[in-house]
Amino acid sequence: IPDELTTLGSLEFVSLANNNFTSVIPESIGSLENLVLLLLEGNSLTGTMPASISSLQSLQVINLSENQLTGQILNDIGSLGELRP
C-alpha cells in the first residue's frame with residue numbers, strides 16, 4: 001500500500017480488496033482522519049496492524065481478513081465509537 005495514499009487527507013473510502021498487495025499497512029494510515037471505510041481483505045499484506053488505526057475516529061467499517069498479518073488486534077480498536085460490529 002503506497003504511502004502516497006495516506007497524503008489524501010479528505011479520503012473517506014479505501015477499498016483495495018483482492019488485489020494481491022504484498023506490502024505492509026503503513027503507520028501513516030492514521031493520518032486519514034476522515035476515513036470511514038477501510039477494506040483491505042484478500043491481499044497478502046504482512047506485518048502487524050498499525051497502532052495508528054486506533055486514531056481513526058470516523059472509521060465505521062474495517063476488514064483486514066485474508067492477509068498474512070501477525071500479532072494481535074489492537075486493544076484500542078474498541079474505543080472507535082463509530083465502528084460497526
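None of these values were measured; they are calculated from a predicted model.

Caption draft 1: How the structure looks around the overall build of the chain. Regarding its fold elements, the chain presents 0 helices and 3 strands. Traced from its N-terminal end to its C-terminal end, the chain shows the element sequence β-β-β. Across its three principal axes, the chain shows a C-alpha extent of roughly 30 × 25 × 20 Å. Expressed as a percentage of its 85 residues, the buried residues of the chain come to 39%. The contacts in the chain between residues at least 6 apart in sequence include a share of 45% that link residues at least 24 apart.

Caption draft 2: Expanded view of the environment of Gln-68. The topology assignment puts Gln-68 in the segment after strand S3 (61-63). In sequence terms Gln-68 and Leu-45 are 23 residues apart; their C-alpha atoms lie 5.5 Å from each other. Apart from residues lying up to four places away in sequence, Gln-68 is in contact with Ser-44, Leu-45, Thr-46 and Gly-47.

Caption draft 3: View of the sheet that holds strand S1 (residues 13-15). The sheet built from 3 strands is open, its strands ordered S1-S2-S3 with parallel pairing. Looking at the sheet topology across the chains shown, the edges are occupied by S1 and S3. Sheet twist, expressed as the average angle between the axes of neighbouring strands with direction ignored, equals 10°. Bridge analysis of strand S2 (residues 37-39) against S3 gives 3 bridges, and the strand direction is parallel. Directly across from Leu-38, in S3, lies its bridge partner Ile-62.

Caption draft 4: Local environment of unusual backbone geometry. Unlike most non-glycine residues, Asn-20 shows phi in positive territory, near 60°. Relative to the elements of secondary structure, Asn-20 occurs in the loop between S1 and S2.

Caption draft 5: Region of interest: the environment of Ile-1. Topologically, Ile-1 is positioned in the segment before S1. For Ile-1, a relative accessible area of 13% gives the class buried. In contact with Ile-1, other than residues within four places in its own chain, are Ser-23, Val-24, Pro-26, Leu-40 and Leu-45.

Calculation criteria
Position numbers for residues start from 1 in each chain and track the written sequence from start to end. Predicted model: local features are reported for residues with pLDDT of at least 70 only, side-chain atom pairs are reported and counted for 80 or more only, and whole-chain, interface and lining totals are derived from all residues. To get the side-chain values, all heavy atoms of the structure are used, and hydrogens and water are removed first. Counting from the N terminus, the helices are the DSSP runs of H or I reaching at least four residues and the strands are the DSSP runs of E reaching at least two. Exposed residues in this analysis have more than 50% of their type's maximum accessible area, buried residues have under 20%, and partly exposed residues fall in between, with area computed by a 1.4 Å probe over protein chains only. Two residues qualify as a contact provided that any one of their heavy atoms is within 4.5 Å of a heavy atom in the partner residue. Whether two strands pair comes down to DSSP finding at least two bridges between them. Angles here are taken between N-to-C directions and fall from 0 to 180 degrees, while the axes themselves are lines fitted to C-alpha atoms, restricted in helices to the stretch in contact.

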